[in-house]
Amino acid sequence: MREQVHLIRVPRLGVNDEVTTVTEWHVADRQAIRPGDVLCSVETAKASYDVESDLGGYVLRLAAAGEAVAVTAPIALVVPDPAWLDSEEARGWVQDHMPADDRGKPQATHRALVLSEQLGIDLAALSVEGIIREADVRRAYEARLRPAGDGLIGALTWDPARLPVAIYGAGRGGVTVKECLESGGTYQPVCFLDDGSLGGSTVAGLPVISGALIAAVAKRGVGALALAIADARIRLRLYREAEKEGFHIISIIHPRAYLAPSASIGGGSYIKAGAVIDTNTLVGDCCIIDNGAMVAHDNVIGEGCHLAPGAVLGSGITIGPRTVVGIGASVSTKVTVGRDVIIAPGASVVTDIPDASVVEGVPGRVVGRTRS
Amino acid sequence: MRYVESLNRALHGVMRDDLRVYLIGEDVLDPYGGAFKVARGLSTAFPERVLTTPISEAAITGFAIGLAMRGLRPVVEIMFGDFLTLAADQLINHATKFRWMYNEQVAVPLVVRAPMGGRRGYGPTHSQCLEKLYFGVPGLTIVAPSDWHDPGLLLRRAILEDAGVTLFIEGKTLYPQTLKEPDSRSRADDFWVRSFEHADRRFPTLVLGLTAEQRADVALVAYGVSAPLVVEAAKRLLIEDEILAEVVLPSLVVPWPVEDLLPSALKAQRMVVVEEGGRTAGWGAELAALISDQAFGKLLHPVVRIGALDCPIPSARSLEDDILPSVEDIVRAVRAMMGR
């Protein structure tokens, strides 16, 4: 049957026309027609036109009189058997061939879509006017969680001699942050915040609270936040947003890391056990200097960089924002490395590297570009 | 209602209401009704006041200047805006100067309508936005409605309320577009219409936002055919990056409506100006200078200009797209301004 269905489409009468208005139908649904019969009149910016059927059969109208239809969209079906028009198959067929109708479907930003999937929020159920944003999803989740979340937050306790800290990110990195903070004497980690499905559970003995409840945690008196997020861009974004929520974002420095007195570390950074950062080196916001990474003197490391375990930097080096130096890779003295660069594990960089490069090998060569 | 219908109805209305209004141009008689059908039906309704002419833009314009000086309200239709070069002497050395030269003893209430813009594959001499050649001509007002304005109302005001010379720029790609008509809550097509700055003024500026809140990260400014580009770019920036753009659509091109744009520029602290004409010495160039005069030090980024490349417009549609500004150009520029 399907192969005998004939589609009538709106003709393109002028190169400038995107839509055509169906002004009048001259046939009724299921009416028998002969080849050459006029089905309807349409009007564009420049002309009006009678749409004819080149086949005989029975007609089904797909647009209402007065409706504006995209040029080349289907406006009617002609079939040899009128009974087919009432079949299940016909309904499916029509649906498959009509342009997708997005009206009434909620529009959302990409971030809102990702978060709604993570948190299991149905966007259609949100009462948001306009395009749904991440903050709207967060608010909806917060509203849903409030009773349990409130209980969890209310139960947070800490030693009054120490400063309470929430750790954003309850993954494995978050657990290292917890241990790191506990091994010093200043801070006491009291909970994790996490945007994933861990909310309400316990990780490494601490409660996990949804990231959506960050403001409530701040209000409870947990004024400090430690970031344990692997993705540099998310880390930087959270760093900026969390300050607005009333948090102080701490830098985490393991007591067994060496930090020269003249070195400086930006907010939200994490200096892990065994790392060495020598004289006059500046580390930007939200960097991760991993176990055993050696950073000699007078280096400048941009925000959001990650020096993986055992990475070695000579002196007088500049590294741009969000660059990753892989495990055991080295960068020679006085080299400048751009932003968003990835230096592969074990590579040895001896020349300047442009922005957004992928570097591999000994000596390091640019082998590709990062997406940025 | 479509853009072209709005203009056509306005001409019918103005000619019905005021016997001083004449329409003069090439091929404006029915049944052809002008190259873009803006004049459709006028010669049938007002046969003695719709004059079809030989092919000489200089003659048409000069003739209309004479009508205007003698108290009529002529409207000149230039078939393609590109042909305005042929009317340059009449407009620059005559129409706009007489009021001063004759010590206010004459007025020249003249409207010259011209369709501008590319993306139709009409080639190098029928696709340009040449209005920029007329920027900085003293005494010349340039108006360009977008599909968010009421083009017919603006045309009516230019014909009946303005005693000076007005270049009325119509958008070739806008003619078939359905006009955006905000509902009772000032919403249309996902946007909130935030304000008409100086709405009581003859040629208002429209400000659009995609959120109920007023905050904005960037102000996107455009007129005429570039309006749909900034509108689409604003949607993409919100959906893909959660960057909040405020869309600012002046209908007055020249004199530069700086006071309408300044509040958005100061609020967002970043401004992008988009025009389909060439970027060099364009609308955005002057606007950037004027905004800098008043907002220097208060912006987070220099005003960014996006326009056509400085070369002839090719006939091939794909090449045309490479040369004229695109939504992608705007999105990319804003991301770069925001460090993303």
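If you're wondering where the values come from, they're calculated on a predicted model, not measured in any experiment. (Residues numbered from 1 in each chain as written. Chains lettered and ligands numbered in written order. Predicted model: local features only at pLDDT ≥ 70, side-chain atom pairs only at ≥ 80, totals over all residues. Heavy atoms only, no water.)

Caption draft 1: Molecular detail of the environment of B:Leu153. Residues and elements named next belong to chain B. Within the secondary structure, Leu153 sits in helix H6 (residues 151–160). Here Leu153 falls in the partly exposed class, since its relative accessible area comes to 35%. Sequence separation of Leu153 and Arg9 is 144 residues, and the distance between their C-alpha atoms is 9.7 Å. (Helix = DSSP H or I, 4+ residues; strand = E, 2+ residues; numbered from the N terminus. Buried < 20%, exposed > 50% of the residue type's maximum accessible area, 1.4 Å probe, protein only.)

Caption draft 2: Up close: helix H1 (residues 3–17) of chain B. Residue and element names in this part refer to chain B. The first and last C-alpha atoms of H1 sit 21 Å apart over 15 residues, in line with the 21 Å expected at 1.5 Å per residue. In terms of burial, H1 is a largely internal element, 11 of the 15 residues being buried. Inspection of H1 places Tyr3, Val4, Ser6, Leu7, Asn8, Ala10, Leu11, His12, Gly13, Val14 and Met15 among the buried residues, and these make up the whole buried set. Next to the buried residues of H1 lie strand E1 (21–25), helix H2 (42–45), strand E2 (50–52), strand E4 (110–116), H6 and strand E6 (165–171). (Expected span 1.5 Å × (residues − 1). Contact = heavy atoms within 4.5 Å.)

Caption draft 3: Structural view of the sheet that holds strand E17 (residues 264–265) of chain A. Residues and elements named next belong to chain A. In space, the five strands of this open sheet follow the order E17-E20-E23-E26-E29, with parallel pairing throughout. Each end of this open sheet is capped by a strand with a single partner; those strands are E17 and strand E29 (336–337). With two bridges connecting them, strand E26 (residues 318–319) and E29 associate as parallel partners. Across the sheet, residue Ile319 finds its bridge partner in E29, namely Val337. (Pairing = 2+ DSSP bridges.)

Caption draft 4: Seen up close, the sheet that holds strand E24 (residues 306–307) of chain A. Reading across the sheet, the eight strands line up as E15-E18-E21-E24-E27-E30-E32-E33 (chain A) and stay open at both edges, with mixed pairing between neighbours. Single-partner strands in this sheet number two, and they are strand E15 (252–253) and strand E33 (365–369) of chain A.

Caption draft 5: Fine view of the packing of aromatic side chains. All names here are of chain B. Taken as a whole, this structure holds nine aromatic pairs over all chains when the rule is applied. Centre to centre, the rings of Tyr3 and Tyr175 are 5.9 Å apart; their planes meet at 65°, and the pair counts as edge-to-face. Residue Tyr3 is located in helix H1, and its partner Tyr175 is located in the loop between E6 and strand E7 (187–188); the two are separated by 172 residues in the primary sequence. Here Tyr3 falls in the buried class, since its relative accessible area comes to 0%. By relative accessible area, Tyr175 is classed as buried at 3%. Ring geometry for Trp148 versus Phe191: centroids 5.7 Å apart, planes at 80°, classification edge-to-face. Remark: Phe191 occurs in strand E8 (residues 191–197) and Trp148 occurs in the loop between strand E5 (140–143) and H6; sequence separation between them is 43 residues. What makes Trp148 buried here is its relative accessible area of 5%. (Phe/Tyr/Trp six-rings, centres within 6.5 Å; stacked < 30°, edge-to-face > 60°.)

Caption draft 6: Region of interest: the nonpolar core. Residue and element names in this part refer to chain B. Leu91, Leu110 and Ile291 are the most contacted members of the largest nonpolar core, which totals 86 residues. In terms of residue count, H1 provides more of this core than any other element does, six residues in total. Ignoring anything within four residues of it in the chain, the contact list for Ile291 reads Val258, Leu261, Leu262, Ala265, Met271, Phe296, Leu299 and Val303. Listed in part, the 36 residues of the second largest apolar core include Val218, Ile243, Leu249 and Ile306. (Core = buried A, V, L, I, M, F, W, Y, C linked by side-chain atoms within 4.5 Å.)

Caption draft 7: Focus on the pattern of salt bridges. All names here are of chain B. All chains considered together, the criterion is met by 45 salt bridges over all chains. The residue Arg335 makes a salt bridge to Glu240 at a minimum N-O spacing of 2.7 Å. Taken together, the residues span a long stretch of sequence, with Arg335 in helix H11 (residues 327–337) and Glu240 in helix H7 (residues 227–241) at a distance of 95 residues. Given a relative accessible area of 26%, Glu240 falls into the partly exposed group. The closest approach of N and O atoms between Asp321 and Arg317, which form a salt bridge, is 3.3 Å. (Salt bridge = Lys/Arg side-chain N within 4 Å of Asp/Glu carboxyl O.)

Caption draft 8: Main features of the interface of chain B and chain A. With 25 residues of chain B in contact, the opposing surface of chain A contributes 24 residues. In total, about 2,100 Å² of surface goes out of reach between chain B and chain A, with carbon and sulfur atoms giving 44% of it. At the surface where chain B touches chain A, the tally comes to three salt bridges. Put simply, A:Glu129 and B:Arg185 hold a salt bridge, and the shortest N to O gap is 2.2 Å. Where chain B packs against chain A, one counts eight residue pairs in polar contact (both at pLDDT 80 or more). A per-element tally of the side of chain B that touches chain A places H7(B) first, with four residues. (Buried area = accessible area lost by both parts, 1.4 Å probe. Polar contact = N/O pair within 3.5 Å; in protein donor to acceptor, adjacent residues only side chain to side chain.)

Caption draft 9: The packing of helix H3 (residues 57–69) of chain B against helix H4 (residues 88–95) of chain B, seen in detail. All names here are of chain B. Between H3 and H4, the shortest axis-to-axis distance is 8 Å and the interhelical angle comes to 30°. The pairing of H3 with H4 is recorded here as roughly parallel in orientation. Taken together, the residues of H4 that come into contact with H3 (itself represented by Ala58, Thr61, Gly62 and Ile65) are Gln90, Leu91, His94 and Ala95. Split into classes, the residues belonging to the contact of H3 with H4 amount to four nonpolar, four polar and no charged. (Axes fitted to C-alpha atoms, helices over the stretch in contact; angles between N-to-C directions. Parallel < 35°, antiparallel > 145°, perpendicular 65-115°, else oblique. Nonpolar A, V, L, I, M, F, W, Y, C, P; charged D, E, K, R; others polar.)

Caption draft 10: Spatial organisation of unusual backbone geometry. Residues and elements named next belong to chain B. Of note, the bond from Asp30 into Pro31 is cis; its omega dihedral lies within 30 degrees of zero at 5°. The topology assignment puts Pro31 in the loop between E1 and H2. Between Val254 and the following residue, Pro255, the backbone shows a cis peptide bond with an omega angle of 0°. Within the fold, Pro255 resides in the loop between strand E12 (252–254) and helix H8 (258–268). In this structure, Ser186 takes a positive phi of about 60° despite not being glycine. Structurally, the position occupied by Ser186 is in the loop between E6 and E7. For Ser186, a relative accessible area of 32% corresponds to the partly exposed category.

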